[in-house]
Amino acid sequence: MTNDRGSWGSRPGFILAATGSAVGLGNIWGFPTQVGQGGGAAFVLIYLIAVIFICAPILLGEVLVGRYAQLGPAGAVRRISPSGPWWVIGLLAVAAGTFILSFYAVIAGWTVQYLWLAVTDGLAADAEGSGALFGAVSANPIRNVLFTGLFLVATAWCVNRGIRRGIEAASRLMMPLLFVLLLILAIRSVTLPGAAEGLAYYLRPDLSQALNPEIIGAAVGQAFFSLSLGMGALITYGSYLHRSHAVRSASIAIVGIDTTIALLAGFIIFPAGFSIASFSSGSTFDPTAGGPGLIFAVLPQLFATLPGGLLFGAAFFLLLSVAAFTSTISLLEVPVAHAIDQWRWPRSKAVLAVAAFTFAFSIPSVLSFSGGFFSELPAVGGTFFDLMVNVWNEGALPLGGMLISLFIGWRWGARFAGDELRRDGPGFPSPALWGFLIRFVSPAAIFLLIVSRFVL
Ligand code: PHE
């Protein structure tokens, strides 16, 4: 093993970094948007069930595999099962990390541009609520290629510094900032005039939506994405743990913080959204606005009209940028760790190669918003960007999660996996409970979901 692998300086360092991976655009943009489209609190309910029964056991499993093998997904799988078809888990992980990063960085680039606009008063352009600002920002290919590239360069710089001096140090700096911003924004938001309507919407479940398979599918996909599961990010981060570091409470903390932050983001977005109506005459808030609408078109309107709103807006987009950054770091680290472990590349070469490839591949995602070929792919009837989101977020991650749970539960085997868990001493969940969930509950639930979504 080369010295390029690295390790965490401490267990809290690992928890912060893994939480940084989990908390991202998925929590602050994706979750509220999906709640809006999925019938409010009904979606929240399904989401919580998915997190507890399907995702949390897999998260613990991923960390455990990583700690055991001290290798990224491909190496870890091969270490446990030198032959057999399980290598696809590693392949899927490297591909998902690279391709998700390619479109994630585009949105991250918008968040930085919006931060700039908030600071320089540029958000005022959206006071009329026409959504023109988002059109102008997203349709400018050159500027978006530039900001996507800048975000990737910053990410690459950090990953290149290594586990302790790069990833862990960045997480230690950014996660506290993120928590503080989040709390300030949530308090500001629920005390806005008209906020009560938003809270009612967010907290009152429309149970007629709860059994809709499409919404269940979206909720499970969202849970995977939000927890960075199904693509070995947590195998990779787990592999930098010392074998003596306990993983149970760390995993529970990661799941708990990620979920709390997604829920908190709802307390920012919905009251703020509904409160717009009381500021700008004639405009109403549509919580079901899909895609980028909610965050990048609706909220800027509020920031532009609310007294002191630009400060609120600047804090909000700073929050988004910071959250995105600790996630892009982990997306990049998965393929980088692969090149280091499997191909014995030096870290710097791996970072450069993956970042350059990802940057090139981000261009069609950028062009998805500026008209032309990539904004209306003939074969899929949507944008290239939408295609990427569907394939990776809603397809590859749940599929990867199912394979990982089957691999852990049946190939590594509940007994050996349980032994690895027992190294931590007694605690919750017990090896028996966890073994049951990861052998039966998680894979069966995901299987049913995939069948219902893509086959029926
Ligand atoms: N969990 C991140 C988010 O919520 C996205 C992510 C997915 C990061 C997969 C790493 C791996 O935004």
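Structure first, text after, so check above.
Residues numbered from 1 in each chain as written. Predicted model: local features only at pLDDT ≥ 70, side-chain atom pairs only at ≥ 80, totals over all residues. Heavy atoms only, no water.

Caption draft 1: Structural detail: the overall build of the protein chain. Broken down by element type, the protein chain carries 17 helices and 0 strands. A globule of 456 residues ought to have a C-alpha radius of gyration of about 23 Å, and the protein chain, at 21 Å, matches this closely. Along the first, second and third principal axes, the C-alpha set of the protein chain runs to 65 × 45 × 45 Å. Here the protein chain holds 456 residues, and 59% of them are scored as buried. For the protein chain, contacts bridging at least 24 residues in sequence account for 83% of all contacts bridging at least 6. Accessible area of the protein chain: about 17,100 Å², with a carbon and sulfur share of 70%. The protein chain carries 23 positive and 19 negative side-chain charges, and their two centres are separated by 17 Å. (Helix = DSSP H or I, 4+ residues; strand = E, 2+ residues; numbered from the N terminus. Rg over C-alpha atoms; globule rule 2.2 N^0.38 Å. Buried < 20%, exposed > 50% of the residue type's maximum accessible area, 1.4 Å probe, protein only. Contact = heavy atoms within 4.5 Å. Areas by Shrake-Rupley, 256 points an atom, 1.4 Å probe, with all protein chains shown as cover. Lys, Arg positive; Asp, Glu negative; His and termini not counted. Charge placed at Lys NZ, Arg CZ, Asp CG, Glu CD.)

Caption draft 2: Region of the structure containing the site of the ligand. Within the structure, the ligand sits among 14 residues, and Ala22, Gly26, Tyr104, Phe225 and Ser228 are positioned closest to it. Here Asn27 contributes a side-chain N or O atom positioned 3.2 Å from an oxygen atom of the ligand. The backbone of Ser226 places a nitrogen or oxygen atom 3.1 Å from a nitrogen atom of the ligand. If the ligand stood free it would expose 330 Å²; the protein chains cover 100% of that surface. Here the ligand occupies the largest cavity. Split into classes, the residues belonging to the shell around the ligand amount to 6 nonpolar, 8 polar and no charged. (Near = heavy atom within 4 Å. Polar contact = N/O pair within 3.5 Å; in protein donor to acceptor, adjacent residues only side chain to side chain. 1 Å grid on protein atoms, 1.4 Å probe; cavity = no way out; pocket = protein on both sides within 12 Å on 5 of 7 lines; lining within 4 Å. Sits in = over half its atoms within 2 Å of the grid points. Nonpolar A, V, L, I, M, F, W, Y, C, P; charged D, E, K, R; others polar.)

Caption draft 3: Up close: the layout of surface pockets. Reported here for the second largest pocket is a volume of approximately 300 Å³. For the second largest pocket, the lining is made up of 16 residues, of which Ile52, Ala56, Ile252, Phe428 and Pro429 are closest to its centre. Ranked by residues supplied to the lining of the second largest pocket, first place goes to helix 3 (residues 41-69) with 6 residues. Class assignment of the residues belonging to the lining of the second largest pocket gives a composition of 13 nonpolar, 2 polar and 1 charged. (Points joined across faces, edges and corners; volume = space filled by probe spheres on them.)

Caption draft 4: Seen up close, the nonpolar core. Formed by 154 residues in total, the largest nonpolar core has its most connected members in Phe14, Ile100, Ile295, Phe316 and Phe317. By residue number, the principal contributor to this core is helix 14 (residues 309-343), which donates 19 residues. Residue contacts for Phe317: discarding those within four places in its chain leaves Thr111, Tyr114, Leu115, Leu123, Ile295, Phe296, Pro300 and Phe303. (Core = buried A, V, L, I, M, F, W, Y, C linked by side-chain atoms within 4.5 Å.)

Caption draft 5: Spotlight on empty space enclosed by the protein. Across all of its chains, the model carries 2 cavities of 30 Å³ or more by this definition. Size it by volume and the largest cavity reaches roughly 150 Å³. Around the largest cavity, the lining is made up of 18 residues, and of these Ser21, Tyr104, Phe225, Ser228 and Leu331 lie nearest the centre. Breaking the lining of the largest cavity down by element, the ones donating at least two residues are helix 1 (11-22), helix 2 (25-37), helix 5 (87-119), helix 10 (213-226) and helix 14. Grouping the constituent residues of the lining of the largest cavity by class yields 10 nonpolar, 8 polar and no charged. Looking at the second largest cavity, its volume works out to about 50 Å³. Those elements giving two or more residues to the lining of the second largest cavity turn out to be helix 10, helix 16 (384-422) and helix 17 (431-455). Of the residues forming the lining of the second largest cavity, the biggest block, 4 residues, is contributed by helix 17.

Caption draft 6: The arrangement of the side chain of Asp341 in detail. Among the structural elements, Asp341 can be located in helix 14. Classification of Asp341 by relative accessible area gives buried; the value is 8%. Once residues within four sequence positions are removed from consideration, Asp341 is found in contact with Arg5, Leu71 and Gly72.

Caption draft 7: Geometry of the pattern of salt bridges. Under the definition given, this model contains 7 salt bridges. The partner of Arg67 in a salt bridge is Glu420, with the nearest N and O atoms 3.2 Å apart. Of the two residues, Arg67 is situated in helix 3 and Glu420 in helix 16; the sequence distance between them amounts to 353 residues. For Glu420, a relative accessible area of 4% puts it in the buried group. With a closest N to O distance of 2.8 Å, Arg243 and Glu420 form a salt bridge. Of the two residues, Arg243 sits in the loop between helix 11 (233-238) and helix 12 (248-275) while Glu420 sits in helix 16, which places them 177 residues apart along the sequence. Classification of Arg243 as partly exposed rests on a relative accessible area of 29%. (Salt bridge = Lys/Arg side-chain N within 4 Å of Asp/Glu carboxyl O.)

Caption draft 8: Representation of helix 16 in the model. Given a rise of 1.5 Å per residue, 39 residues ought to cover 57 Å, yet the end C-alpha atoms of helix 16 are separated by just 46 Å, more than 12% below that figure. Along its length, helix 16 shows its largest kink, about 100°, at Gly413. (Expected span 1.5 Å × (residues − 1). Bend = angle between axes of the 7 residues up to and from the residue.)

Caption draft 9: Examining the packing of aromatic side chains more closely. Scanning the entire structure with this criterion turns up 38 aromatic pairs. Judged by centre distance (5.9 Å) and plane angle (85°), the rings of Trp8 and Tyr240 are edge-to-face. Highlighted residues: Trp8 in the segment before helix 1 and Tyr240 in the loop between helix 11 and helix 12, separated in sequence by 232 residues. When sorted by exposure, Trp8 lands in the same class as Tyr240, which is buried. Ring centres of Tyr202 and Phe267 lie 5.1 Å apart, and the angle between their planes is 85°; this geometry places the pair in the edge-to-face category. (Phe/Tyr/Trp six-rings, centres within 6.5 Å; stacked < 30°, edge-to-face > 60°.)

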